[in-house]
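Inside the fold
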Amino acid sequence: MNRRLFLGSRVCFCVLMGLAGIAHGEDSDDAIMPGEVDETTVTINAARSTLTLGTDKGTTLFVTVTGPLAAAAIPARTQATVGTIGPLVPGPTPGSFSAEYRVPTDQMPQSAIISLEVSFPGGARAHATTHLMLPAVTTFPLRSSPEASVSLEIAGRVFGPIKADGNGNVSIPIVVPPDVAVGRARAVNKFGIAKETEVDLQARDYPRVLLIAPQDGEAGSTVDVEVWALEPSGDPSEPEDIDLRASAGTIRRAGGTPGMARFTFTLPVRVSESALGVGGAVALVAATGDGTSMRPDAIVVHAGPASQIVIASDVKRLVVATPRVAHLSATTQDRFGNLVHAQGMVITADGRPLPAQPTPTGATAEIIAPTRWQGLDHTAVAAALGKIHASIALPVTGGAPARARLGPKLSTVTGDGGTPVRLVLEVFDDRDTPTSAARVTWQADDDGVIEPAPAPRFGAYAVRFTPRPVMRDRAIAVAATVDDGPTASARVVAEAGATRTAAFRVGVAWNLGSGFGQTAFIEATRPLRSIGRLGRLLSLGLAVGYVHSEVTTSRATLSPAVHMEVDQAPILIVGRVRLPGQGPVEVAFSGTAGLTFASTGLSATTDSPFGPAHGTARALVVGMGADTSIQLHPGEMVIGARYLHAELGRNSNGDRIDGNILGFMCDLGFRMGF
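Residues numbered from 1 in each chain as written. Predicted model: local features only at pLDDT ≥ 70, side-chain atom pairs only at ≥ 80, totals over all residues. Heavy atoms only, no water.

Brief notes about the overall build of the protein chain
Secondary structure assignment for the protein chain yields one helix and 50 strands. The C-alpha radius of gyration of the protein chain comes to 53 Å, more than 25% above the 26 Å expected for a compact globule of 674 residues. Looking at the protein chain residue by residue over its 674 residues, the buried ones come to 44%. By sequence separation, contacts in the protein chain at least 24 residues apart represent 61% of the contacts at least 6 residues apart. The average position of the 56 basic charges and that of the 62 acidic charges among the side chains of the protein chain differ by 5 Å. (Helix = DSSP H or I, 4+ residues; strand = E, 2+ residues; numbered from the N terminus. Rg over C-alpha atoms; globule rule 2.2 N^0.38 Å. Buried < 20%, exposed > 50% of the residue type's maximum accessible area, 1.4 Å probe, protein only. Contact = heavy atoms within 4.5 Å. Lys, Arg positive; Asp, Glu negative; His and termini not counted. Charge placed at Lys NZ, Arg CZ, Asp CG, Glu CD.)

Brief notes about the environment of Thr364
Mapping Thr364 onto the fold places it in strand E30 (residues 362-368). What makes Thr364 partly exposed here is its relative accessible area of 27%. Put simply, Thr364 and Arg536 are 172 residues apart on the chain and 65 Å apart in space, counted from C-alpha to C-alpha.

Brief notes about the confidence of the model for the protein chain
When pLDDT drops low, the exact placement of atoms in the prediction is not to be read closely. In this model, the protein chain carries a mean pLDDT of 87, and residues with pLDDT of at least 70 account for 92%. Overall, residues 1-29 carries pLDDT values under 50, and its contacts beyond four positions in sequence, including any with other chains, amount to 58 contacts. The low-confidence segment residues 274-278, where pLDDT is below 50, has six contacts with residues more than four positions distant or belonging to other chains. (pLDDT = per-residue confidence, 0-100.)

Structural notes on the packing of aromatic side chains
Inspection of the entire model under this criterion finds one aromatic pair. Residue placement shows Arg642 over the ring face of Phe521; its charged tip is 4.9 Å from the ring centre. (Phe/Tyr/Trp six-rings, centres within 6.5 Å; stacked < 30°, edge-to-face > 60°. Lys NZ or Arg CZ within 6 Å of the ring centre and 35° of its normal.)

Some remarks on the pattern of salt bridges
Applying the stated criterion to the full structure yields 21 salt bridges. Two residues, Asp446 and Arg468, come together in a salt bridge whose shortest N-O distance is 2.9 Å. Taken together, the positions of Asp446 in the loop between strand E36 (440-444) and strand E37 (448-453) and Arg468 in the loop between strand E38 (460-467) and strand E39 (474-482) put the pair 22 residues apart, joining distant regions of the chain. The class of Asp446 is buried, set by a relative accessible area of 10%. Arg474 serves as the salt-bridge partner of Asp446, at 3.6 Å between the closest nitrogen and oxygen. Residue Asp446 is located in the loop between E36 and E37, and its partner Arg474 is located in strand E39; the two are separated by 28 residues in the primary sequence. Take Arg474: its relative accessible area is 16%, and that puts it in the buried class. The network of salt bridges with common partners includes Arg505, Glu523, Arg642 and Asp667. (Salt bridge = Lys/Arg side-chain N within 4 Å of Asp/Glu carboxyl O.)

Below you can see the structure in the form of structure tokens.
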């Protein structure tokens, strides 16, 4: 005997509900405790294990349930590969049942697999299987010598001998076991001569597969399935030679014993909505490995317990002062989105119950657009069924966009390339009702990054605008266009974000006399932000330069005429103050002070008894200047003019050099911010 327990998804749910009743102090007399089903066994005993077809009509099957749930067992499904089984009838003691088995009508030798099942409160089930041998009795005709003695051996059993008539005809009653295809006939004539021959018994195949699966299951759950199979001889098939296929879902082999293969079957997660109420059937086909016998069955897939509510509307928004109506539909679904039967659903709008029409899976309702704007940009729609809740926000908006407002109108942000400013565009219709736009186009008159940002409310659109790095204050206009119609703009002031600047400048120098030369300066400054907003206009730094100048005296001034070259390396402290402004051109004034280190060379321009003379000197430098800068990303171009004064006096060679050795300078350069 063999037995197997089925515990599907519905069974587990019922067991858990029983435990919950105990936890709350409810009556638990009918609750199933964990382990009680596994400790309950079912066995089958047949009054006769072998029935001869053509002679016997059937037998009685006795079912005995033992264990903690024996008294609660209820008759359930009966199955047989061949023949028929009557209903299970309760016996004289709790847990005992009986059923009548009737042999098949055809007298073909075969074997029957029988399964009898009982159920328990809460949906758990248990079953047992057995099989019966069904040999067939028949009369087999043979032809031999007249009056010969004829016998027929089948599977080691000899039938006869019977004497043939005068024409050699003889019929021998025989009993044929399943899967016996040939027999051996022996005839001994009246002269004592014996002759043997093999005869074809014309054996035919018969159903040899029984599929035991739950009749229904929850979508996405995993159930156990057993497939029992016999060889044509009635011997148990090897579990590896038994197959199971399904029209949907996933099947995995879980082991088995001789005559039975065990599978786990994961049901599909989706249930056909057209089959709502009865579920969608998944076809199962069990077969022997060679395909000589198969057995179809089906499992009805039903939705699981309700776990969510889905609210849908046939319109995306309600337009104020229009006849538009939103048709709402609230449906109850399981965790996979399958529709679940539900009654008593309540639908509300802004906390007020709506007249709802019940449906098999929920309810429907309607919301009419308000006649005027009430200051709410949405209607809160909610649905409830017991402890399950869901809600959506149905936007309430105006008509076509007629006006737009972008704010704040003036924003100030640090222009360091990483600090954004948030701008919010509000769109209104001709009744000043907030409304939505199909498309909003943003643009700025200066480089920067515009990124979408979460909208604060319906009818509003937000962006983050990050100006590119700037070394001085810059006013940037940002504009938004709504559906190629209304426009709005705002002004963003990007304050100088650079904390350090560096410039390289080259130019010419003139000492307002006969000296000319070339200049090159490297300058680094830092804004004095620590002293407040005024510090944004002030900066202090250091400049290092190179100045080359040449002077030639005339014969009238000095005889012989002398040519002088001076190379200088000024090291200066620079203070700059720029004029307030946010335009593309900036004007600044500067003052300088420091030292210059000079190398001088004197030589006669005509024949002279004196050779060239070289010397060094240093002098204090003071000066002032002005420059104009033009923004030219990634920095700015600088055009400047300055006057520097330095007198070298006597150099190391004893020569005295009087007058300003630097003078007036004009230069051109490029400044970068960091």
